[in-house]
Amino acid sequence: MAIYIGKYAFNSKEQAIDKIEALGVEQDEEGNSYPTHHHTVVELGLEVLEEAVYEEGELVSERVFGTDYLVDVLWSDLEVEEDGSVDHPYGWKSYSVRIDTEGIHGFLGLRYQDLKI
Amino acid sequence: MALKYLYVPSGYKAGKAYGVLPNVSNADLAFVRGSSGTRINADGLIQTEVTDVPRLDYTDGSCPTLLTEPASTNLLHNSGWEGGGALPTDWSYGNSDGTSTSVISTRGTAINAYRFQSDSARHYFTRSTTSVSGTTYTLSIYVESITGSNQFNDIFYRIGGGGTDVFKKDGVVVTQSETVVAGSFYSITFVSDAVESIQFRVGLGVISSVSGDVTISQPQLETLAYRTSFMISEEGAIATRSADTGAISGDLSSYINSSEGVLEIKAKSIVSNPVQDLRITLSDGTADNRISLVWGTGSSTMTIVMDANGSDVFDGGTSGFKNLTGSFTKTNMNTFKIKWKSGDIQVKHNDSTIVLSETDTFTMLGLDKLSFDNATGIRNFQGNVQYIKVYDSATDF
């Protein structure tokens, strides 16, 4: 099974959810939604610009957030192009972020730098 | 009149959990997990298994179980408490009037534990995150050793995020004044009703000054209503384990008698009231012919689902399921035997018979697969399986 890791910064939570649902979602007979794919999608939420500050256990200032909504995905069995390359699913590439570190989130046992799409 | 299929957790490799009987590759269960995951090995130590490798878990003792879990993320940085010294990297002191020392964990060298000592003082670590209103969170820690009689809210607490705390010891609800013992997981579950910082406190004197000596490891914060296996996050990052999925046998049509037989399963679910049904199913690969054992969404509900030749089986063909009479502690290891034969459907729970239907008739066709789902790839079983057996005659009940 070929796996890849992608990091994405969407304009909003709503946009991210639209993209995630476009990967494939169905409803069971009780109305519960479930994905029809085997990718692992992790919503990291709004980008954190400044961490919360505590002194002596007391909150001094809350976290400060940016506007980008971050999502990490462990892609499983993406479609392989005729030339053997693999690309982001439709609609995701524009929001892809490539970084030189492992970032603020990882998938257990997997290195983003080795598997980034 | 014989045992025709047997799965007992034993041999495995990436993408496969070997079946025992029949001795053919079709008895093996396929297996998928995108990321690594941890388990407790036969020596009682935390061991990481890489992508697609099934996890044989020895948490409950000497008998291994096949562990399957949903995806989850540990929202705490450096959960293995690397960095040495009195304070692990990425963690902060709430108060530091006592001492903390990095020690070798009883769960092995994959992680560090910390020993906290305090004499009428407060000494604890903190990590914080920001809550999302409406989200369920579970914080958990493992107590490796303790001297004295400290209580839950002496060693472990959270501040912020709103909602009401449910305190648990090894998954069982207790009060926050529960006396702490070694060798147990303590967790706090709550549904946030605010967007604000949550501070996770672990150590000694997390609310007020205490005396004590406690060694703790495996801090974890998840957006689930229960604790899952430990996820070791790196310094500066949180970490996700992918779901265990795709557990399904090959073609067993030569071994399974569709018209009658017994399906026996010894297993426990990961939680007593799952968000969705958790199922193990014998089927033809579709929902048209299947027999499912269901750990239902009710706190003690167990259900049998049966469809045959595309039709519901129960209540004269008007219902596809029947709840089992009784109350079941689903997070305990239970044995269920399901007998299917037209006009004779019964269940045994730990050797006590529960009559389901002695009148409903059916024509079951093509049972040839065992899967950890509802036969169509959803409602994946999450928990621990000790064995699964299939017999080819109703007389084996």
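Residues numbered from 1 in each chain as written. Chains lettered and ligands numbered in written order. Predicted model: local features only at pLDDT ≥ 70, side-chain atom pairs only at ≥ 80, totals over all residues. Heavy atoms only, no water.

### Some words on the interface of chain B and chain A
Point 1. Each partner contributes to the interface: chain B provides 35 residues, whereas chain A provides 29 residues.
Point 2. Here chain B meets chain A over a buried area of about 2,400 Å², counting both sides, of which 49% is carbon and sulfur.
Point 3. Our enumeration of links across chain B and chain A arrives at zero salt bridges.
Point 4. Breaking the side of chain B that touches chain A down by element, the ones donating at least two residues are β10 (92-96), β13 (123-130), β19 (197-204) and β21 (238-241) of chain B. (Contact = heavy atoms within 4.5 Å. Buried area = accessible area lost by both parts, 1.4 Å probe. Salt bridge = Lys/Arg side-chain N within 4 Å of Asp/Glu carboxyl O. Helix = DSSP H or I, 4+ residues; strand = E, 2+ residues; numbered from the N terminus.)

### Topic: the layout of surface pockets
Residue and element names in this part refer to chain B.
Point 1. In this structure, the second largest pocket encloses a volume near 1,000 Å³.
Point 2. Lining the second largest pocket we find 39 residues, and of these D170, G171, R227, K268 and I270 sit closest to its centre.
Point 3. When residues of the lining of the second largest pocket are assigned to their parent elements, the largest contribution, three residues, is made by strand β5 (residues 37-40). (1 Å grid on protein atoms, 1.4 Å probe; cavity = no way out; pocket = protein on both sides within 12 Å on 5 of 7 lines; lining within 4 Å. Points joined across faces, edges and corners; volume = space filled by probe spheres on them.)

### Section: the environment of G236 of chain B
Point 1. Its place among the elements puts G236 of chain B in the loop between β20 (210-222) and β21.
Point 2. When the C-alpha atoms of G236 of chain B and H77 of chain B are compared, they prove to be 5.6 Å apart, with 159 residues separating the residues in sequence.
Point 3. Among residues more than four places away in sequence, those in contact with G236 of chain B are G103 and I104 of chain A together with H77 and D90 of chain B.

### Comments concerning a negative patch on the surface
Point 1. Together, E55, E56 and E58 of chain A together with D97 of chain B make up a negatively charged patch on the protein surface.
Point 2. Residue position: D97 of chain B is located in the loop between β10 and β11 (99-105).
Point 3. Residue class for D97 of chain B comes out exposed when judged on its relative accessible area of 55%. (Patch = residues over 30% accessible without salt bridge, like charges linked within 9 Å, V, L, I, M, F, W, Y side chains within 5 Å. Areas by Shrake-Rupley, 256 points an atom, 1.4 Å probe, with all protein chains shown as cover. Lys, Arg positive; Asp, Glu negative; His and termini not counted. Charge placed at Lys NZ, Arg CZ, Asp CG, Glu CD. Buried < 20%, exposed > 50% of the residue type's maximum accessible area, 1.4 Å probe, protein only.)

### A look at the packing of aromatic side chains
Each aromatic ring pair is specified by the distance between its two centres and by the angle formed by the two planes.
All names here are of chain B.
Point 1. Applying the stated criterion across every chain yields a total of 24 aromatic pairs over all chains.
Point 2. Taking 5.1 Å as the distance between ring centres and 80° as the angle between the ring planes, the aromatic pair formed by Y114 and F125 counts as edge-to-face. Placement of the pair is Y114 in strand β12 (residues 108-121) and F125 in strand β13, with a sequence separation of eleven residues.
Point 3. A relative accessible area of 0% means that F125 is categorised as buried. (Phe/Tyr/Trp six-rings, centres within 6.5 Å; stacked < 30°, edge-to-face > 60°.)

### Focus on empty space enclosed by the protein
Residue and element names in this part refer to chain A.
Point 1. Scanning the entire structure with this criterion turns up two cavities of 30 Å³ or more.
Point 2. Taken as a whole, the largest cavity spans an internal volume of roughly 40 Å³.
Point 3. As for the largest cavity, its lining consists of I5, K7, D72, E102, H105, G106, F107, L110, R111 and Y112.
Point 4. If you list the elements that add at least two residues to the lining of the largest cavity, you get β1 (3-10) and β8 (105-107).

### Looking at the sheet that holds β13 of chain B
Residues and elements named next belong to chain B.
Point 1. Taking strand neighbours across the sheet as the criterion, the four strands line up as β10-β13-β19-β15 in an open arrangement whose pairing is antiparallel. Strands at the two margins of the open sheet, each flanked by one partner only, are β10 and β15 (156-159). Between one strand axis and the next, the sheet turns through 25° on average, direction left out of account.
Point 2. Two elements, β10 and β13, share four bridges in a ladder whose sense is antiparallel. In the sheet register, N95 faces β13, and the bridge partner there is Y124. (Pairing = 2+ DSSP bridges. Axes fitted to C-alpha atoms, helices over the stretch in contact; angles between N-to-C directions.)

### Some points on the nonpolar core
All names here are of chain B.
Point 1. Ranked by internal contacts, the top residues of the largest apolar core, which has 44 residues, are L263, W295, I304, M306, L324, W340 and I388.
Point 2. Sorting elements by how many residues they give to this core places strand β26 (residues 302-308) first, with four residues.
Point 3. Judged by nonpolar contacts, the second largest core, of 33 residues, contains L76, W81, F167 and I216. (Core = buried A, V, L, I, M, F, W, Y, C linked by side-chain atoms within 4.5 Å.)

### A closer look at a nonpolar patch on the surface
Point 1. Taken together, L46, V48 and F65 of chain A make up a surface patch of nonpolar side chains, about 210 Å² in accessible area.
Point 2. Its location among the elements puts V48 of chain A in strand β4 (residues 40-50).

### A short note on the pattern of salt bridges
Point 1. This model, assessed by the stated rule, comprises 20 salt bridges over all chains.
Point 2. Residue E102 of chain A pairs with R111 of chain A through a salt bridge whose shortest N-O separation is 3.6 Å.
Point 3. The salt bridge involving D277 of chain B is made with R279 of chain B; its shortest N-O contact spans 3.2 Å. Across the pair, R279 of chain B and D277 of chain B agree in class, each one buried.
Point 4. Among the charged side chains, a salt-bridge network with shared partners connects R33, R55, E69, R241 and D244 of chain B.

### A short note on helix α1 (residues 13-22) of chain A
All names here are of chain A.
Point 1. Within α1 the residues assigned to the buried category are Q15, A16 and I20. One face of α1 carries all of its buried residues, which in axial projection span an arc of 135°. Exposed residues on α1 whose side chains face more than 90 degrees from its buried face are E14, D18 and A22.
Point 2. Buried residues in α1 make contact with β1, β4 and β7 (64-76). (Arc of directions from axis to C-beta.)

### A short note on unusual backbone geometry
Residues and elements named next belong to chain B.
Point 1. The omega torsion across L21 and P22 is -5°, close enough to zero to call that bond cis.
Point 2. Mapped onto the fold, P22 is located in the loop between β3 (16-17) and β4 (29-32).
Point 3. Positioned with a positive phi, D170 is a non-glycine residue whose angle comes to about 50°.
Point 4. Position of D170 relative to the elements: it lies in the loop between β16 (166-169) and β17 (172-174).
Point 5. For D170, a relative accessible area of 42% gives the class partly exposed.
Point 6. Phi is positive for N350, close to 45°, though the residue is something other than glycine.
Point 7. Looking at where N350 falls in the secondary structure, it is placed in the loop between β30 (345-349) and β31 (352-357).
Point 8. With a relative accessible area of 38%, N350 lands in the partly exposed category.

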